[in-house]
Amino acid sequence: MTSTYRAFPQHFLWGAATAAFQIEGAYDEDGRTDSIWDTFTRVPGAIVAGDTAEVACDHYHRMPEDVALMKRLNHAAYRFSVAWPRVRPDGGAVNQKGLDFYSRLVDELLEAGMVPWPTLYHWDLPQVLEDAGGWTNRDTAHRFAEYAVSVYDALGDRVEAWTTLNEPWCSAFMGYTGGQHAPGRQEGAAGIVAAHHLLLGHGLVVDEVRRRATPDRRPQLGITLNLTVADPFDPARPADVDAARRLDGLHNRVFLDPLLRGRYADDLAADTEGMAFEGRPWSSYVHDGDLALISAPLDFLGVNFYHGDVPAALPYDAAPDELLGSRIQGPARPRTSPYPGGGFVFPRRGLPTTDRDWEIDPAALTRLLVRLHEEYAAPPIYITENGAMCDDVVVDGEVHDDARRDFIERHLHATLDAIDAGVDVRGYFVWSLLDNFEWSYGYGHRFGIVHVDYETQVRTPKGSAFWYADVIARNAVPVP
C-alpha cells in the first residue's frame, strides 16, 4: 500500500514544547528558590505516588544533549518556559546565574539552527508571592511584568517570538477554584479574580516590551490558551445546552473576549452574579484601563488542544465509570469543580480515549480554529501544544507508540482542514519533547515523543518521534 501526502504551507514552523518545572530539576541550584509547585508537591495526597520534580528530566544539566536530540529529529523550533524562581528568586532581584542558563539555551538553539520560543509563565509562581496572595493579589501582575522585562532585556537581542502566559485557565481555575493545581486553593470566585490579574500581567508585559522595540529588535508577542469546544451532551435537554454555554463562558470566552474584544461577556457576569472573593464581587477587581491593556493587539495566538468537552447539567444520574476521567488513578487530595458555580459533569460519548481517559475528537480542533477565525478574527495561530498520554514501555531499546502517532496524525489533518477553510495557522509544537513530571499525576503519565528513564535519565526516541521527524522533513502529513 502506498501513501499520499497533504502538504502544509511553506515556512510552516515545526517543533516541540516543554515546561521548566516539568523537566529542569536542579530545584535548589544556582540561586533558584521555591515555586508554588515545589510547595504543592509536599502537600500530602496532592501528587500521585508523592512524586516531586526535584530532578525531573535533569534538563538543567543535560540541556545541550536535549537540543542536539531535537536537531537530529529535524525540529525547527523549541517552545520552552523560563522559570520565574530561577530568574528572580523569591520575586526579588535578578539572579544572573538563572538568566545565564536561558542565555546558554538560546545560544545552543541558534547554533543548531532552531528558533527559540520562550514562554514567560508556565505556572511556577515564586512561593513568596503566593504567600502575599498570589494571582488574587493585583500586585502580582506588576511583579510579573518586572520579571518578564528582565528576561526580555537579557534575551531580546536573540529571541523574536515571546509567549506571555501558558494556559491561564489552569493557573486561575485549577489553582484557585478547584485546587487540582498549585497553589491548591478552593475559593470559588478567586479563580475569576486570578484570571483577570493574569490577563492584566499579560497586558503589562506586552506594553512594557513593545516600549523597548527598536528597528533591529521587533518582538512578536502572543499568549497561549488551552481552549475547548463545548457541546451539550443532550442537545434536546435545555439544561445541557445551557451547561455548554456556561462552560464556554468560563473556559474560552473568559479569556478570548477581554483579549480580542476588550470586554467581558454579559452572560459571564450574569452566570457569576453574587459570587464574591473576600467580600467583593469579582468585577470590582477590574479597574479602569485594565481592558485596554489586556486587549492590545497580539502578533499571534497560541492554541493548546487535547480534547473537546460535552457537559451534562446536574442532576445527572450516571455510574461513576460513565464519566470521563474516572478510569485513571488521580491524586488522593480532595478537589472541587474548577468552574465557579460548577453544576455539570462530563459523560462519555462512546468515542475512543487516550490512556489519560480523554476523548479523541480531532474534528473539534478544526471547529475551534474556524471559530477563532470567523468569530474573533484571531491573529496568526500556532498550535503550541497537542499530543497524547500513552502507557509507553521500552522493548529491546524501542518504544512503539502507534496510538500517539495516530493521535498526532489525525490532529495534523484537522489542522490542515482548518487551513483549507481559511484559518491562518503557522506552526505546530507537539507536546511534549520528553516524558516529564506531569503535574498532579507525577511520573506515571507519559506524553513525550522521547522516553525518559527517570532512574538513568537515558533518552529513547519513540516511534512517534521518528515519524514526526519525517513529517517535518516533508512538511507534509501522510494520508494512508
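1. Things to note about the state of the cysteines
- All told, the structure shown has zero disulfides when counted by the stated rule.
- Take cysteine 57: it sits in no disulfide, and the sulfur closest to it among the cysteines is that of cysteine 390, at 17 Å.

2. Quick notes on helix H13 (residues 362-376)
- Taking 1.5 Å of rise per residue, 15 residues should cover 21 Å, and H13 covers 21 Å from first to last C-alpha, within 8% of that figure.
- What H13 keeps buried is the set Pro362, Ala364, Leu365, Thr366, Leu368, Leu369, Val370, Arg371, Leu372 and Tyr376.
- Tucked inside the fold, the buried residues of H13 contact helix H10 (238-261), strand S9 (300-304), strand S12 (381-385), helix H14 (402-420) and strand S13 (425-431).

3. Re the packing of helix H5 (residues 96-111) against helix H7 (residues 139-155)
- Their axes nearest at 10 Å, the elements H5 and H7 cross at an angle of 45°. Between H5 and H7, the crossing angle belongs to the class labelled oblique. As for how H5 packs across H7, the hand of that crossing is right-handed. For the pair H5 and H7, the contacting residues are Leu99, Tyr102, Ser103 and Val106 in the first and Ser150, Val151, Ala154 and Leu155 in the second.
- Here the residues of the contact of H5 with H7 sort into six nonpolar, two polar and no charged.

4. So, the layout of surface pockets
- Looking at the largest pocket, its volume works out to about 1300 Å³.
- Looking at the largest pocket, it is lined by 49 residues, and the ones nearest its centre are Trp169, Met174, His307, Pro338 and Trp358.
- Of all elements in the fold, only helix H8 (168-176) and strand S11 (344-345) reach the threshold of two or more residues within the lining of the largest pocket.
- A per-element tally of the lining of the largest pocket places H8 first, with three residues.
- Here the residues of the lining of the largest pocket sort into 23 nonpolar, 18 polar and eight charged.
- When its volume is computed, the second largest pocket comes out at roughly 220 Å³.
- Forming the boundary of the second largest pocket are 16 residues, of which His11, Leu13, Val115, Trp117 and Tyr382 lie nearest the centre.
- When contributions to the lining of the second largest pocket are tallied by element, the ones reaching two or more residues are strand S4 (115-121) and S13.
- Sort the elements by how many residues they give to the lining of the second largest pocket and S4 lands first, with three residues.
- A per-class count over the lining of the second largest pocket returns 10 nonpolar, two polar and four charged.

5. A short note on the environment of arginine 88
- Of note, arginine 88 is situated in the loop between helix H4 (84-87) and H5.
- In the structure, arginine 88 is positioned 222 residues away from valine 310 in sequence and 41 Å away in space, judged by C-alpha atoms.
- Every residue in contact with arginine 88, bar those within four places of it in the chain, is listed here: Ala93, Val94, Pro126, Glu146, Tyr147 and Ser150.
- Among the polar contacts made by the side chain of arginine 88, one reaches the main-chain carbonyl oxygen of glycine 92 at a distance of 2.8 Å.

Reading the values: the criteria
Residues numbered from 1 in each chain as written. Predicted model: local features only at pLDDT ≥ 70, side-chain atom pairs only at ≥ 80, totals over all residues. Heavy atoms only, no water. Disulfide = S-S within 2.5 Å. Helix = DSSP H or I, 4+ residues; strand = E, 2+ residues; numbered from the N terminus. Expected span 1.5 Å × (residues − 1). Buried < 20%, exposed > 50% of the residue type's maximum accessible area, 1.4 Å probe, protein only. Contact = heavy atoms within 4.5 Å. Axes fitted to C-alpha atoms, helices over the stretch in contact; angles between N-to-C directions. Parallel < 35°, antiparallel > 145°, perpendicular 65-115°, else oblique. Left-handed = near helix turned anticlockwise from the far one by under 90°. Nonpolar A, V, L, I, M, F, W, Y, C, P; charged D, E, K, R; others polar. 1 Å grid on protein atoms, 1.4 Å probe; cavity = no way out; pocket = protein on both sides within 12 Å on 5 of 7 lines; lining within 4 Å. Points joined across faces, edges and corners; volume = space filled by probe spheres on them. Polar contact = N/O pair within 3.5 Å; in protein donor to acceptor, adjacent residues only side chain to side chain.

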